[in-house]
Amino acid sequence: GAGVSQSPSNKVTEKGKDVELRCDPISGHTALYWYRQSLGQGLEFLIYFQGNSAPDKSGLPSDRFSAERTGGSVSTLTIQRTQQEDSAVYLCASSFTGTGTSEQYFGPGTRLTVT
Amino acid sequence: DQQVKQNSPSLSVQEGRISILNCDYTNSMFDYFLWYKKYPAEGPTFLISISSIKDKNEDGRFTVFLNKSAKHLSLHIVPSQPGDSAVYFCAASARFFRSNYKLTFGKGTLLTVNP
């Protein structure tokens, strides 16, 4: 079946602009995660959605970052007034359930470059 | 404060030999550990995991060892193949915490297997 898809694969934007990154999880997966990988760093947890529960936004680095998940499926990560330090690969993952042992399946990521 | 550390950014081995990738953690609440493999321009894919009640888990050519007292785990690949060349991420979670879905990742180790 189809895996996790993300769009766009690459995004170059000017500092100060807003960007939207999209994630299509695997059908039937109730949990969805966003991570960020900056250059030379590991994956950094950003936000977690599980079913209809309130999302865990504890990893969002600033209030310029927000995310939503519509209809329990597609998710959009929005970064407002982008800064150069926002340049990173943004990875989305989904899992069948939201437990620590439920395998997370990752999308290919969106490489964001802020100039 | 890095809770999961992969101190070797890179490792190079000959085809057919053993690859040993190391990972250390500081958070004693972590009780579930995973290894992910990542090829360029792709998302990480799950490789193998181990629960803290075990000290070894084997899957084909891949074996993960866990030393809880030393807060150390290692991934052994035997025999190494050129197709194993990728970045390997160590990750950990605390299953009995409310936020057990959160994976904490190391920075990764780039493994190169030379033919």
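For the structure, check the block above.
My aim in this report is to walk through the structure given alongside it, one point at a time. Only a predicted model underlies this, so the values are computations on that prediction, with no experimental measurement involved.

Quick word on the overall build of chain B
Here is step 1: Scanning chain B for helices and strands turns up zero helices and eleven strands.
Here is step 2: Put simply, chain B runs from its N terminus to its C terminus through helices and strands in the order β-β-β-β-β-β-β-β-β-β-β.
Here is step 3: For chain B, the C-alpha radius of gyration of 14 Å lies close to 13 Å, the compact-globule estimate for 115 residues.
Here is step 4: Looking at chain B as a whole, 45% of its 115 residues qualify as buried.
Here is step 5: Partitioning the contacts of chain B with sequence separation of at least 6, the portion at a separation of at least 24 is 55%.
Here is step 6: Accessible surface computed for chain B: about 5700 Å², of which carbon and sulfur atoms make up 50%.
Here is step 7: Across chain B, 13 positive and 9 negative side-chain charges occur, with their mean positions spaced 6 Å apart.

A closer look at the interface of chain B and chain A
Here is step 1: Facing the 18 residues of chain B at the interface are 21 residues of chain A.
Here is step 2: With both chains or domains summed, chain B and chain A bury close to 1600 Å², and 60% of this area falls on carbon and sulfur atoms.
Here is step 3: Taken together, the connections running from chain B to chain A amount to one salt bridge.
Here is step 4: Its salt-bridge partner being Asp56(A), residue Lys102(B) comes within 3.8 Å of it at the nearest N-O pair.
Here is step 5: Across the contact surface, chain B and chain A share five residue pairs in polar contact (both at pLDDT 80 or more).
Here is step 6: Elements represented by at least two residues in the side of chain B that touches chain A include exactly β4 (32–38) and β9 (86–93) of chain B.
Here is step 7: Per element, the largest residue contribution to the side of chain B that touches chain A is three residues, and it comes from β4(B).
Here is step 8: Of the residues assigned to the side of chain B that touches chain A, the class counts are nine nonpolar, four polar and five charged.

Quick notes on the rules
- Residues numbered from 1 in each chain as written.
- Chains lettered and ligands numbered in written order.
- Predicted model: local features only at pLDDT ≥ 70, side-chain atom pairs only at ≥ 80, totals over all residues.
- Heavy atoms only, no water.
- Helix = DSSP H or I, 4+ residues; strand = E, 2+ residues; numbered from the N terminus.
- Rg over C-alpha atoms; globule rule 2.2 N^0.38 Å.
- Buried < 20%, exposed > 50% of the residue type's maximum accessible area, 1.4 Å probe, protein only.
- Contact = heavy atoms within 4.5 Å.
- Areas by Shrake-Rupley, 256 points an atom, 1.4 Å probe, with all protein chains shown as cover.
- Lys, Arg positive; Asp, Glu negative; His and termini not counted.
- Charge placed at Lys NZ, Arg CZ, Asp CG, Glu CD.
- Buried area = accessible area lost by both parts, 1.4 Å probe.
- Salt bridge = Lys/Arg side-chain N within 4 Å of Asp/Glu carboxyl O.
- Polar contact = N/O pair within 3.5 Å; in protein donor to acceptor, adjacent residues only side chain to side chain.
- Nonpolar A, V, L, I, M, F, W, Y, C, P; charged D, E, K, R; others polar.

Nothing here speaks to function; it is all geometry.
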